[in-house]
Amino acid sequence: MTRTTRTIIDEAPQLMRRRTFLAATLATAAGVATGCGFSGGGDDGTEESGDEEGGGGQRGGTLRQSMLPVTQLDPAINGNSSFGQIIMIGLWEGLVVIDADDPSQVLPGAAQSWDVSDDGLVYTFHLRPEATWSNGDPVTAADFEWNWKRILTPGIAGENAPSYNPGVVQVAGAAAYMAGESDDFATVGAKAVDDGTFELTLERPNADLLIHLAGFWALPLHPPTVEELGDAWLDPAGWVSNGAYVLDDFRVNQGAVLIPNEEYWDAESYFIDRWEVTFNDGGTTADLLAYQQGEIDITGRIEDDLEAVTTSDVADQLLTSPTNQVRRLIVMNSHHPALHDVRVRHALALAIDREALAGVAAPAVAGNSLVPTAVTGHEGVPGIEFDVQQAKDLLNAAGYPDGEGMPTITLLDFQNSPWVEAIAQMWRDNLGIEAELDIVEVGVYAEKRNQVHGEDYTGFYVQNGAINPPTLLATAQQIIPAAPVINNTNLIPADIAEDVLAAAEGGASPADQFAIIDQNRPPELQACVDLVRAALAETDLDAQNDLAVQAATAWNETYALIPVLWGGYNLLVKPRIQSLKPWYYATVFTTKGVTISD
């Protein structure tokens, strides 16, 4: 087989401080403030030593970070929080890593280079000979093969869902092995060719493979340690990993301490002597106060009251990732017919002044598409313009002239947000319809958003969603397996939706449920799904990209999800923490090249 070799040169990305607009991730946690400063014995973060040879920075200091409690550090388990992933990315290194200067690209990690076959199906990774585990063992291709077998083995995640997604990564034979249909791992396209060569064979070309491999789920554990210690491999006393840090301490509900891995091949690019993490089960109030008092250097625990941060004396210390999140309104199912009419949903989308919303929701920015600006190719997907007259015309055509006969539109949320109230007011003022907010406890919100409601309750629930990785193909892949409208019952006829929900409660398989949904989608939604399926089946990458653009455009034009604002992940970062660059992935950032100054 002919292969096209891509030679990857190891370069430290240019260090820079990146600042953009952001929108808040809708947070669900609020609680009692906890003390900061876990694991005493760290310094005050200002100690410095001489220049690290070849590093271009000064070695020294303690990085103090607050985050939500992390209970699981196993890459094989799906649902690991973004905070846990921050720690995991520090402890382990996969075949490739995110390029912090351009997070849509990857850089060499444990693999120093890779080849891709002409048909795009075979990726051959050449491991760097200097890569070792923290105990001095060499990192080998057999280690990666062992980890792939582990993550694909049914039951390895216990009661948790495994983090590997066969429909997204598309390694040959992986889905069948994972489902227990085959017990022969030789049928899976993940194998060690020799000590320094690891090979992945795909079912079909996947333009996003490398960026997926930079995710937390593909991080390797040290096989001998796991085999010898069992679950105790998580104990810092026997810790072995291959990343820039090792785990020095870990206490449930308190925090963690990471220290440099002196065996790491690129240790000279990491300058922090100690990384202390405090677990805070409280909210913005506790972390903002600890940050203002100098007890912590970094926190992302600010989403449940971002306004308190943006109006505080540290507002200028907010760092944000590129924009890959979309605040959106997602239609709920109801026996009232109004929102089952695409013209009505379109009218409501047109009557929202997103520029005005951004002023209310600062530092968010106007978002007129379900494909935000961080997504490569987003400019090919038309957005929704503010046009009150067209909105009125659409309502008139749908049988609701000047809003007459329209039901009250409810906006369901679990927290008060001024921008949500602003949308309700725009609909009142621009269309003459009544709109109201329904603010409920988060558990009630989770139940209520997917119910089939009576004629007296119709509207949307408020949600913040992200495109990860930020590509058009990932956008298309979200629509079928994950989108909360297209694959569930929110817009099929209400009586049929009730039958589907009853069948689900009775044990019907997802395939049986989706078969009913497939037969009952409105035409605009089915056209969107058909385009997605065509894109995922296409083997020519250029043609696949064209279909992904069409699918994303069709997704916008269903108005089943109405985009209103764009944003990214945000952090408060002390000015003395230099060269930290937020990402738009859940892993949030890397400490490579980060220095601590006075």
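Since this is a predicted model, take the numbers as computed values, not measurements.

**With respect to the overall build of the protein chain**
Phase 1 of the analysis: In terms of regular secondary structure, the protein chain is built from 18 helices and 24 strands.
Phase 2 of the analysis: Accessible surface, the protein chain: about 23,000 Å² in total, of which carbon and sulfur atoms supply 48%.

**Some thoughts on the sheet that holds strand S13 (residues 318-320)**
The pairing of strands in a sheet happens through backbone hydrogen bonds and is either parallel or antiparallel.
Phase 1 of the analysis: Taken in spatial order, the 7 strands make up an open sheet running S9-S10-S11-S2-S12-S22-S13, and their pairing is mixed. Single-partner strands in this sheet number two, and they are strand S9 (245-251) and S13.

**Comments concerning the nonpolar core**
Side chains that are nonpolar tend, in soluble globular proteins, to be buried together.
Phase 1 of the analysis: Ranked by internal contacts, the top residues of the largest apolar core, which has 82 residues, are Phe 125, Trp 148, Leu 152 and Tyr 164.
Phase 2 of the analysis: Ranked by residues supplied to this core, first place goes to helix H1 (residues 82-91) with 6 residues.
Phase 3 of the analysis: Leu 339, Trp 427, Val 462 and Trp 555 belong to the second-largest nonpolar core, a separate cluster that totals 63 residues.

**A word on the sheet that holds strand S16 (residues 365-366)**
Phase 1 of the analysis: If you trace the 6 strands from one edge of the open sheet to the other, you get S16-S21-S14-S20-S17-S18, paired in mixed fashion. The sheet terminates laterally at S16 and strand S18 (435-439), the two strands that pair on one side only.
Phase 2 of the analysis: Where strand S17 (residues 409-413) and strand S20 (residues 458-466) come together, 4 bridges link them in parallel fashion. Note on S20: the bridge partner recorded for Ile 409 is Thr 458.
Phase 3 of the analysis: Strand contacts of helix H12 (residues 418-431): strand S14 (325-331), S17, S18, S20 and strand S21 (561-567), with the helix running at about 155 degrees to S18, the strand carrying the most contacts.

**What about the side chain of Asn 206?**
Phase 1 of the analysis: Looking at the element boundaries, Asn 206 is found in the loop between strand S8 (197-201) and helix H5 (209-213).
Phase 2 of the analysis: Judged by relative accessible area, which is 2%, Asn 206 ranks as buried.
Phase 3 of the analysis: Excluding residues that lie within four positions of it along the chain, Asn 206 makes contacts with Tyr 123, Val 168, Val 169, Gln 170, His 212 and Leu 473.

**Concerning empty space enclosed by the protein**
Phase 1 of the analysis: Taken as a whole and assessed by the stated rule, the structure comprises 3 cavities of 30 Å³ or more.
Phase 2 of the analysis: Within this model, the largest cavity holds a volume of roughly 120 Å³.
Phase 3 of the analysis: Along its surface, the largest cavity is lined by 13 residues, and Asn 147, Trp 148, Trp 217, Ala 218 and Leu 219 are the ones closest to its centre.
Phase 4 of the analysis: In terms of residue count, the dominant contributor to the lining of the largest cavity is helix H2 (residues 141-152) (5 residues).
Phase 5 of the analysis: In terms of residue class, the lining of the largest cavity is built from 11 nonpolar, 1 polar and 1 charged.

**Digging into the pattern of salt bridges**
Phase 1 of the analysis: Per the counting criterion, the structure on display carries 14 salt bridges.
Phase 2 of the analysis: A salt bridge links Glu 276 to Arg 274; its shortest N-O distance comes to 2.7 Å. For the residue pair Glu 276 and Arg 274, the accessibility class agrees, reading buried in each case.
Phase 3 of the analysis: Across the salt bridge formed by Arg 533 and Asp 518, the nearest N and O atoms sit 3.3 Å from each other. Remark: Asp 518 occurs in helix H16 (residues 510-520) and Arg 533 occurs in helix H17 (residues 523-537); sequence separation between them is 15 residues.
Phase 4 of the analysis: Residue Arg 533 is classed as partly exposed on the basis of its relative accessible area, which comes to 36%.

**Some words on the packing of aromatic side chains**
Phase 1 of the analysis: Inspection of every chain in the model, using the stated rule, returns 19 aromatic pairs.
Phase 2 of the analysis: Judged by centre distance (4.9 Å) and plane angle (80 degrees), the rings of Phe 414 and Tyr 445 are edge-to-face. Pair noted here: Phe 414 is in the loop between S17 and H12 and Tyr 445 is in helix H13 (residues 442-448), with a separation of 31 residues, a long-range link.
Phase 3 of the analysis: The structure contains a cluster of three or more aromatic residues connected by ring pairs, namely Tyr 245, Tyr 264, Trp 265, Tyr 270, Trp 275 and Phe 589.
Phase 4 of the analysis: Geometry around Trp 265 places Arg 128 over its ring, the cationic atom sitting 3.5 Å from the centre.

**Brief notes about the pairing of strand S11 (residues 274-279)**
Phase 1 of the analysis: Of all 6 residues in S11, 6 are buried, a share of seventy percent or more.
Phase 2 of the analysis: Side-chain alternation along S11 places Arg 274, Glu 276 and Thr 278 on one buried face and Trp 275, Val 277 and Phe 279 on a second face that is also buried.
Phase 3 of the analysis: Strand direction decides the pairing type here: strand S2 (residues 62-67) and S11, joined by 6 bridges, are parallel. The partner of Ser 66 across the bridge, within S11, is Thr 278.
Phase 4 of the analysis: In this structure, strand S10 (residues 255-260) lies alongside S11, joined through 4 bridges in antiparallel fashion.

What counts and what doesn't
- Residues numbered from 1 in each chain as written.
- Predicted model: local features only at pLDDT ≥ 70, side-chain atom pairs only at ≥ 80, totals over all residues.
- Heavy atoms only, no water.
- Helix = DSSP H or I, 4+ residues; strand = E, 2+ residues; numbered from the N terminus.
- Areas by Shrake-Rupley, 256 points an atom, 1.4 Å probe, with all protein chains shown as cover.
- Pairing = 2+ DSSP bridges.
- Core = buried A, V, L, I, M, F, W, Y, C linked by side-chain atoms within 4.5 Å.
- Buried < 20%, exposed > 50% of the residue type's maximum accessible area, 1.4 Å probe, protein only.
- Contact = heavy atoms within 4.5 Å.
- Axes fitted to C-alpha atoms, helices over the stretch in contact; angles between N-to-C directions.
- 1 Å grid on protein atoms, 1.4 Å probe; cavity = no way out; pocket = protein on both sides within 12 Å on 5 of 7 lines; lining within 4 Å.
- Points joined across faces, edges and corners; volume = space filled by probe spheres on them.
- Nonpolar A, V, L, I, M, F, W, Y, C, P; charged D, E, K, R; others polar.
- Salt bridge = Lys/Arg side-chain N within 4 Å of Asp/Glu carboxyl O.
- Phe/Tyr/Trp six-rings, centres within 6.5 Å; stacked < 30°, edge-to-face > 60°.
- Lys NZ or Arg CZ within 6 Å of the ring centre and 35° of its normal.

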